[in-house]
Amino acid sequence: MNEIILLGFIKFLILALVVYWVAIGISLIYRARRNYRLHKIEVTFADLVSRYLFNSVDAPLSIREINASLRQVGIKPGNPNNIQYLIRLLIRTQQSIIGSKNEKLNKLYAQIPPYGESVSKVNSWGWYRKARGIREIYEMNQHQYFDRIFKYRNHRNVYVRREAQIAMVVFRGWESLRFLSYLKRNMTLWQQIKIVEKLYDNYPKPELKWLRKAYKSERSFAKCLLMRIIRKFELHSEIDFILKHLFHPDYNLRETAIYCLGTFAVSSEHMDFIKKNYSKLPNSSQQALLLDYISENSELDVDFYLEQLYGPNEDLILNVAEILWNNGHKEKVQEFYLQQYPKATLNVG
Amino acid sequence: MWDSIEGFFSSGIVFNLTNYFFFLYGLALLSLYFAGVLLASRAIKKTKQKSTFLQVGDIVSATDIPTVTLVAPAYNEGLTIIENVKSLLSIQYPYYEFILVNDGSKDDSLEKLIKEFDLERHDASFITQPIPTATVRYIYRSRNKKYTHLTVIDKNNGGRADALNAGINFANTELVVCTDADCIIEQDALLKMVRPYLEEDEKEIIACGGGIGIANDSIVSNGVLKELKLPKSIVPMVQVVEYIRAFLLGRMAWGEINGLMLVSGAFGMYPRKRVLEVGGFNAKTVGEDLELCIRLRMHMENLKIPYKVVYLPETLCWTEGPPDYSILVKQRDRWARGLWETMSLHKKLFFNPRYRYMGILYYPYWLFFEFGAPLVEFFGLICIIAFGFFGWINWPVAILLFFAVYLLGCLFSTAAIFMYVKSFDHYTKPKQIIELLLAAYLEPFVYHPVIVYGQMLGYYKKIFKIKSGWGTMTRKGFSASGS
Amino acid sequence: MGKVLVIQEDIIIRRILERLVSINNFECKSIRSLNELNIEDQSTNYDFIISDILFEGIAPLEFVAQVQEVLMHKNLLIVTHMGQEKTKKEIFALRGITGFYAVPIDLDEIEAIIQAY
């Protein structure tokens, strides 16, 4: 009985192995063919887009020729995978170029496939397709679909809501800060980075009205986002917002504030404020970072450094000692280290 | 009660208990492997989908991304040190520093580095050392603007863990990556490794690992893997399969349920702040990578901060595996000792509900199925010999059972190879796949017994307190192109 | 006719730059990496080299230094995805760099430089 069961089981395992072998074989063949096809599409697209952007006066490239060439390499309605790949190439190119050539690209995109692919994805149930659809819509500047995307800004899936939030910035610019700061769910670091980048690339002229309205938000991710915007656009007039969070109880807010502060050279009043509150920083790594900033951006304030040298934070002593040592105050460092050892009586004969 | 040893063993209780023990142990292990295949498939699919939204090209041009330091210890690597350093310097990441820690090398490594990279000596007196290490003698920076990202720390010998700690002390970036100087790291490895740190918001990422591949007999030029070939000899070839299985199935599956207890020492990324908080790598164990990961997890549990240890399925680091049995045994002996040391150091985790899943599930798994497996196998071998001697084995059933279990093992390896081939383009030739499959099917006969031997040797040394450290692994080195 | 060398791994950017240069009456050689240069190309004195800095097996700064040492040229323009301020400062510190353009690039600016030559 056991033997019969075991024999049956063995047959099943051998069958499963054979299925895997066949699957491996098919996968190898498919991938080789697919890579070849994708390479061909990429080369053709590169050729077409370059000729279109710098069109020859004698023999200009027409949209009809472009569509025909794309069809020849497999960009057809019945081939969604190829169309998806073309969309990736379109986005990649769009992200690489700004200025008048970018506008020319937008005109091209409106006249070639993908056959309404992106907007149909937005309506799908799965997060992956939905998020991809949103991305394609904003990357290819399809303004007309903004209203369909806007409602996903608080979606439970992080990728869907991230793409929707980025789309808000792409289509509405600085005004979108009105909504972003009051979103329900947390915003990841990458979301913040992407939003700042899109704002910078698409709306380089700051609109401080919207920025200042967003200051009211209590959400810590919103504060981090605003500080990053201030840093990216080098808004010296808004530096108080960063300084306000330099000594915040939240570690991440302090970290972001210290990082963003590094872009600016502050006034002497601001520097005095930083030095006055310096010891309030509870974390020694952050203190070290701020100490570097102070030493690089202000005149040597011996009293301040001596206060730190003789202060309670032992982790910082070497950093402070190095600054004093390298700036002509070796004797003060020596004095500090000497006073650490109690006076010994010398026995001399 | 029993009038002889035979009587004792053939009594129903002992015989049945033994049988049930092996049966249940095997069943539990198979169930875990099966669950692992399902979880790993899901994890790989999710990782691939997520990467659509955060590609390498997006990260390389971004600002505000975390700063990273790569720390690599080096000991007596004078032959290949220049090439290795140039290779590691070529990693593409905008905010990247590289620290090479010369751990008291007795050869001319340092002199070669000073000459090649135009290094200038700096005093190490003012370097803060949150983690105590062996004395740092000097710090070297290059005068040449081409090498602004390179720092060489020259210190007294203290071992790999100690050297890593010295590098971590000196680093001033948010993240640190620990590797070995002779590993070949993919150019975009850091761009990929940093993804989890950029995307996670609910849980803090405390460690991130990438897949490690075996590149024996591959063509390497200027520290770059030009052509990946399968190793020629059986020992490293089976390791290719073993690594694929371990990383693609094992690590991805555990990562999916946040149960990863190990990020490989050959290539792991950590937030520097957390590593300093736990005191860095433990220099007293040879399993410092496993020990650090467990300690980081315990630290976050104590702080009651949600955290994650993640793994990327892609092979981002290539290394040279032991080329023959004797070096393989040394390696597995060391791993077994490291595992023993770590399990004892953290025995308070065992079924400790205070540490939640780590105490109730993950640590017991490591204890029973990673630490315990060679012991169970060895015990099983003894039982087969003993029962066979006493004539208690139903040989037809035993042979069929053996064959069934063997085929199950082959199936798991085949599944891993299939997932690897489907997801990545490292091995694309039919001949390579056939060789990999054959290596997988030969593994139980020509490789696995040697592994068990190496592990038992490690345990033997721990039981009888035989001192043994890292040992020396003689490396052949990768072949250069054209030679 | 002036000579320009374009070194870019990305085929789309490479073709676009190649086209930009050709339409402005320059002879263009475009390659994916320095390995593709033959002896004749290596001894040409280029009016412009338009290059990325991200290539396999070589650090960005070392690549730029190598180009400056190995290839004769009058102007070196860097066009790269890794265009952060930090990188820009480090590249310019090497000296001999005519321009640094972070992707996304304004092709009109590059064209203006080529045309002004």
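Residues numbered from 1 in each chain as written. Chains lettered and ligands numbered in written order. Predicted model: local features only at pLDDT ≥ 70, side-chain atom pairs only at ≥ 80, totals over all residues. Heavy atoms only, no water.

### Some remarks on the overall build of chain C
What chain C contains, in helices and strands, is five helices and six strands. Relative to the compact-globule value of 13 Å for 117 residues, chain C shows a C-alpha radius of gyration of 13 Å, a close match. With respect to the principal axes defined by its C-alpha atoms, chain C has extents near 35 × 35 × 25 Å. Looking at chain C as a whole, 58% of its 117 residues qualify as buried. Expressed as a percentage of contacts within chain C between residues at least 6 apart in sequence, the contacts between residues at least 24 apart total 63%. On chain C, roughly 4,900 Å² of surface is accessible, and the fraction owed to carbon and sulfur atoms is 45%. Distance between charge centres in chain C, computed from 11 positive and 18 negative side chains, equals 1 Å. (Helix = DSSP H or I, 4+ residues; strand = E, 2+ residues; numbered from the N terminus. Rg over C-alpha atoms; globule rule 2.2 N^0.38 Å. Buried < 20%, exposed > 50% of the residue type's maximum accessible area, 1.4 Å probe, protein only. Contact = heavy atoms within 4.5 Å. Areas by Shrake-Rupley, 256 points an atom, 1.4 Å probe, with all protein chains shown as cover. Lys, Arg positive; Asp, Glu negative; His and termini not counted. Charge placed at Lys NZ, Arg CZ, Asp CG, Glu CD.)

### Some details on the overall build of chain A
Scanning chain A for helices and strands turns up 19 helices and one strand. Over its C-alpha atoms, taken along the principal directions, chain A stretches across nearly 100 × 75 × 45 Å. Counting over 349 residues, chain A shows a buried share of 50%. Contacts in chain A between residues far apart in sequence, at least 24 positions, make up 65% of those at least 6 positions apart. Total accessible area on chain A stands at roughly 18,100 Å², and carbon and sulfur atoms take up 53% of it.

### Some details on the confidence of the model for chain C
On average, residues of chain C carry a pLDDT of 93, and 100% of them reach 70 or more. Taken together, the chains of this predicted complex give a pTM of 0.92 and an interface ipTM of 0.93. (pLDDT = per-residue confidence, 0-100.)

### Side note on the interface of chain A and chain C
Chain A puts 23 residues into the contact, and the matching count from chain C is 17 residues. A buried area of about 1,700 Å², summed over both sides, lies between chain A and chain C, and 66% of it is on carbon and sulfur atoms. For chain A, the biggest contributors to the area lost against chain C are A:F54, A:S96 and A:I98; these three give 37% of the whole. Linking chain A with chain C are two salt bridges, by the criterion used here. A:K101 is the salt-bridge partner of C:D108, the closest N and O atoms lying 3.4 Å from each other. Counting residues per element, the ones that place at least two in the side of chain A that touches chain C are α1 (2-53), α3 (80-96), β1 (97-98) and α4 (100-109) of chain A. Sort the elements by how many residues they give to the side of chain A that touches chain C and α1(A) lands first, with nine residues. Partitioning the side of chain A that touches chain C into residue classes produces nine nonpolar, eight polar and six charged. Pairing of β1(A) with strand β6 (residues 105-106) of chain C involves two bridges; the strand directions are parallel. (Buried area = accessible area lost by both parts, 1.4 Å probe. Salt bridge = Lys/Arg side-chain N within 4 Å of Asp/Glu carboxyl O. Nonpolar A, V, L, I, M, F, W, Y, C, P; charged D, E, K, R; others polar. Pairing = 2+ DSSP bridges.)

### Observations concerning the packing of aromatic side chains
Summed over the entire model, instances satisfying the criterion amount to 53 aromatic pairs over all chains. Measuring from ring centre to ring centre gives 6.1 Å for A:W127 and B:F53, while their planes differ by 40 degrees; the resulting arrangement is tilted. Within this pair, whereas A:W127 is found in helix α6 (residues 127-139), its partner B:F53 is found in the loop between α2 (12-52) and α3 (56-60), the two belonging to separate chains. Residue B:F53 is classed as buried on the basis of its relative accessible area of 1%. Through a chain of ring-to-ring contacts, the aromatic side chains of B:F21, B:F22, B:Y25, B:W254, B:Y357, B:Y362, B:Y365, B:F369 and B:F379 assemble into a single cluster. Its guanidinium or amino end placed over the ring of A:F150, A:R153 lies 4.1 Å from that ring's centre, counting from NZ or CZ. Positioned over the ring face of B:Y138 is B:R121, at 3.9 Å from the centre of the ring. (Phe/Tyr/Trp six-rings, centres within 6.5 Å; stacked < 30°, edge-to-face > 60°. Lys NZ or Arg CZ within 6 Å of the ring centre and 35° of its normal.)

### A few points about the pairing of strand β1 (residues 2-7) of chain C
Across a regular strand the side chains alternate sides, sitting on one face of the sheet and then on the other. All names here are of chain C. Along β1, five of the six residues are buried, which leaves the element largely enclosed by surrounding structure. Both β1 and strand β2 (residues 26-31) contribute to a ladder of six bridges, which runs parallel. The partner of V6 across the bridge, within β2, is S30. A crossover links β1 with its parallel partner β2, the connecting element being helix α1 (residues 11-23), and its sense is right-handed. Note: β1 against strand β3 (residues 45-51), four bridges, orientation parallel. (Right-handed = clockwise from strand over helix to strand, strands pointing away.)

### Re the sheet that holds β1(C)
All names here are of chain C. Taken in spatial order, the five strands of this open sheet run β2-β1-β3-β4-β5, and their pairing is parallel. The open sheet has two free edges, formed respectively by β2 and β5 (99-102), since each of these has just one partner strand. Ignoring which end each strand starts from, the neighbouring axes of this sheet average 20 degrees apart. Relative to the sheet, helix α4 (residues 85-93) contacts β4 (72-80) and β5, its axis offset from that of β5 by approximately 160 degrees. (Axes fitted to C-alpha atoms, helices over the stretch in contact; angles between N-to-C directions.)

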